[in-house]
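# Descriptive analysis of the structure
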Amino acid sequence: MKFERLFQQVNIGVMSVKNRIAMPPMGTGFATKEGLVTEQTLDYYEARARGGAGLVIVECTCVDFPRGIHALHRLVIHDDSAVPGLTRLAQVIKKHGARAGIQLHHAGRIARSKVTGLQPVAPSAIRHPAASYPQGEVPHELTASEISDIVDLFTAAASRAKRAGFDGIEIHAAHAYLLAEFLSPFCNKRHDSYGGGIENRARMLIEVLKSVRKSVGDDYPLWYRINGREYGLEDGFTLDDAKAVAQMLNSTVDAIHVSAWGYGRSALANCPDKPGALLPLAEEIKKVVTVPVIAVGRLTPELGEQAIEQGKADIIAFGRELIADPELPNKALGGSLEDIRPCIACFHCHDVGGSSIACSVNAVIGSKGNGYEVKPAERIKRIAIIGGGPAGMEAARILSLRGHKVVLFEREALLGGQLNLAALPPHKERINPLISYLSTQLKKLDVEIRLNVEAHLEYIKSLKPDAVILATGGVPLVPQIPGIGLKNVVTALDILTHGVETGRRVVIIGGGSTGCETAELLFEGGKEVTVVERRPQLAFDMGFRDRLRLSLRIKDLPITFVMNAICEEITKDGVTVSTELDKKQFISTDTIVLALGMKPNNTLFSLMQGEEFETHLIGDCRGGGKICEAINDGFKLGCAL
Ligand SMILES: Cc1cc2nc3c(=O)[nH]c(=O)nc-3n(C[C@H](O)[C@H](O)[C@H](O)COP(=O)(O)O)c2cc1C
Ligand code: SF4
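First, a word on scope: everything that follows refers to the structure included in this document. (Residues numbered from 1 in each chain as written. Chains lettered and ligands numbered in written order. Predicted model: local features only at pLDDT ≥ 70, side-chain atom pairs only at ≥ 80, totals over all residues. Heavy atoms only, no water.)

### Digging into the packing of helix α13 (residues 390–401) against helix α15 (residues 432–444)
It is at 10 Å that the axes of α13 and α15 come closest, and there the two elements cross at 35°. For the crossing formed where α13 meets α15, the hand is left-handed. Here M393, E394, A396 and R397 of α13 come into contact with α15, specifically with Y437, L438, S439, Q441 and L442. Looking at side-chain class alone, the contact of α13 with α15 contains five nonpolar, two polar and two charged residues. (Axes fitted to C-alpha atoms, helices over the stretch in contact; angles between N-to-C directions. Helix = DSSP H or I, 4+ residues; strand = E, 2+ residues; numbered from the N terminus. Left-handed = near helix turned anticlockwise from the far one by under 90°. Contact = heavy atoms within 4.5 Å. Nonpolar A, V, L, I, M, F, W, Y, C, P; charged D, E, K, R; others polar.)

Next up, the structure:
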């Protein structure tokens, strides 16, 4: 077997786990407003257990509701009303041979009074700085007796989790939540026995674990999640601190789960883009403990296998990878890695605010019962899809899986459509595996693909299709401003698709995601770049974390950003822009690049009306413009036809 070690049995205390694959805790937002388990919660976790993970750790579950919750629709375990739902949850996970763990959580100063109605609490009255969460509010500094009350809340929650049938408990002492706040000298400035040296900063975590241990018994699997270190701080929690804590708790717990946190440039450290970025932390912790170490951080089956072989970790957690494809373990076991739908590290699942998670590449998370199911077609149809971008490919995949006869037309020489463009800017290579995955699936499903074909109406009619799906994407928006037709004006698409060359100095009109990423690409190509954006914010079309990642990369580059400015006129020597205060400014440049977004390319759609076949629009040519919308459209129509 290719992944011999990954699929070895492992023990966490007395608990035998069938393989070394874990699903780490990930908040879903599928709970009710009161934090109770819903059908969607059950479907979502059951799919991940069915997919073959040996250990499924249920998302952060709040022990102190509402004070300790960081968003609504997150699970709670603060009183007995939560137990019936959690009991069903543990059952659906265990039904498939997986072990059910649950993460017990207190959000500390990350909680917001806007959500909870209460002032957040923390080791010290210091607000959380803007990082991968927006800036927090000043928390209440917990007294020693309030700390003891929270220890009791963790303990009571643990006995509820055990009563609900969970096989084990993870205490959340990682990231920037309450127990991690106590551990970190950056936010713990106390002068009592809970502050100062690492023995004191670890006191609350030790009290929680010892108290929970006493309540659940010695033979009940108990572990905790910790930051291997905090990045981006001078006075942060260090790897030496983490090692010291790991040693102090080695005999109290049955495993340790090593994550990380960061600030400033490292604000996204816990969800890295780089595969295996956090493995060195797990490796270092493993040197000082005897209990199994769970590693996480954009791991692949190959990296996981290697890490176990090299003694860097004992259990491999796949987070976003299991959101994207719950069947990852089964597919790895069956040797069909090419069938694993890849996570493209886009942060869409993370950027949902208080609502439920969604995935850019997987339209079905937690959505059983909403009417979209991949089931055999009642009547086989001949379906023509025009456009081989993400929407067209996903529709072709689902329709073909359901038994329809599909022919896919793409006017370019390769499949992928806008995905090929999305993959071009620096750091976007993570998009390519999605193109490969979809192309491979279409090949395996024997979808008829005709490349280099511009599908005209007469040609489509000659195929005598039952249905035609238009997935022809978008065309760049070109504003009606003086000088727009001059030779020095190109679109971002011209640069990204056709490799059109620009002069040395470039002004990009539009500071959305495409404008910013094109700016980065051109800058790396040695150009002098200015971006003109009419809003006060760049990359407005991105979610919070995706935008943060982009801004962390580009903010120190010598690119000029002219904000709150509208392009008034273009001449052969440059552009005139006016700012909010009605000030006009002429920017001298060689090339003007339009990055103002796309408009749907759907003229064929109106021509097709009145024909004998049914017609549908999906993806960018229906409006939208994001990968998640394209895949979602393709999936839903694929299920519906
Ligand atoms: C949508 C989402 C929700 C998350 N929620 C939690 C959580 O509830 N508790 C936690 O400890 N980590 C949480 N994380 C972090 C993950 O457990 C994991 O450490 C992180 O995604 C990195 O692993 P990956 O690269 O395999 O995704 C969350 C991550 C994501 C993407
Ligand atoms: S939304 Fe994006 S980051 Fe999240 S799991 Fe899906 S592909 Fe990965």
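### Quick look at the packing of aromatic side chains
Taken as a whole and assessed by the stated rule, the structure comprises five aromatic pairs. The interplanar angle of 55° and the centroid separation of 4.9 Å between the aromatic rings of F186 and Y263 together place this pair among those described as tilted. Highlighted residues: F186 in the loop between α5 (178–183) and α6 (198–201) and Y263 in the loop between β10 (255–262) and α9 (279–286), separated in sequence by 77 residues. Between the NZ or CZ atom of R535 and the centre of the ring of F540, over which it lies, the distance is 3.5 Å. (Phe/Tyr/Trp six-rings, centres within 6.5 Å; stacked < 30°, edge-to-face > 60°. Lys NZ or Arg CZ within 6 Å of the ring centre and 35° of its normal.)

### Some points on the sheet that holds strand β19 (residues 505–509)
Strand order in the open sheet formed by five strands is β18-β25-β19-β20-β21, with parallel pairing between adjacent strands. The outermost strands of the open sheet, each flanked by one partner alone, are β18 (489–491) and β21 (560–562). The mean angle between the axes of side-by-side strands here comes to 25°, regardless of whether they run parallel or antiparallel. Here three bridges tie strand β20 (residues 528–532) to β21, and the two strands are oriented parallel to one another. Each residue of the ladder has a partner; that of V531, found in β21, is F561. Sitting on the sheet, helix α18 (residues 513–524) touches β19, β20 and β25 (591–594), and the angle it makes with β19 is about 170°. (Pairing = 2+ DSSP bridges.)

### Some words on the nonpolar core
L89, F166, I171 and Y224 are the most contacted members of the largest nonpolar core, which totals 146 residues. For Y224, the residues in contact, after removing those within four places along its chain, are E170, I171, L205, L209, V245, A246, L249, V253, A255, I256 and H257. In this structure, A107, I110, W261 and L268 belong to the second largest nonpolar core, which totals 18 residues. (Core = buried A, V, L, I, M, F, W, Y, C linked by side-chain atoms within 4.5 Å. Buried < 20%, exposed > 50% of the residue type's maximum accessible area, 1.4 Å probe, protein only.)

### Overview of the site of ligand 1
By nearness alone, 20 residues border ligand 1, and P25, R225, R298, R320 and E321 come closest of all. Contacts to ligand 1 include C60, whose backbone N or O atom sits 3.3 Å from an oxygen atom. Taking 600 Å² as the accessible area of ligand 1 by itself, protein coverage stands at 96%. Residues that form the shell around ligand 1 fall into these classes: eight nonpolar, eight polar and four charged. (Near = heavy atom within 4 Å. Polar contact = N/O pair within 3.5 Å; in protein donor to acceptor, adjacent residues only side chain to side chain. Areas by Shrake-Rupley, 256 points an atom, 1.4 Å probe, with all protein chains shown as cover.)

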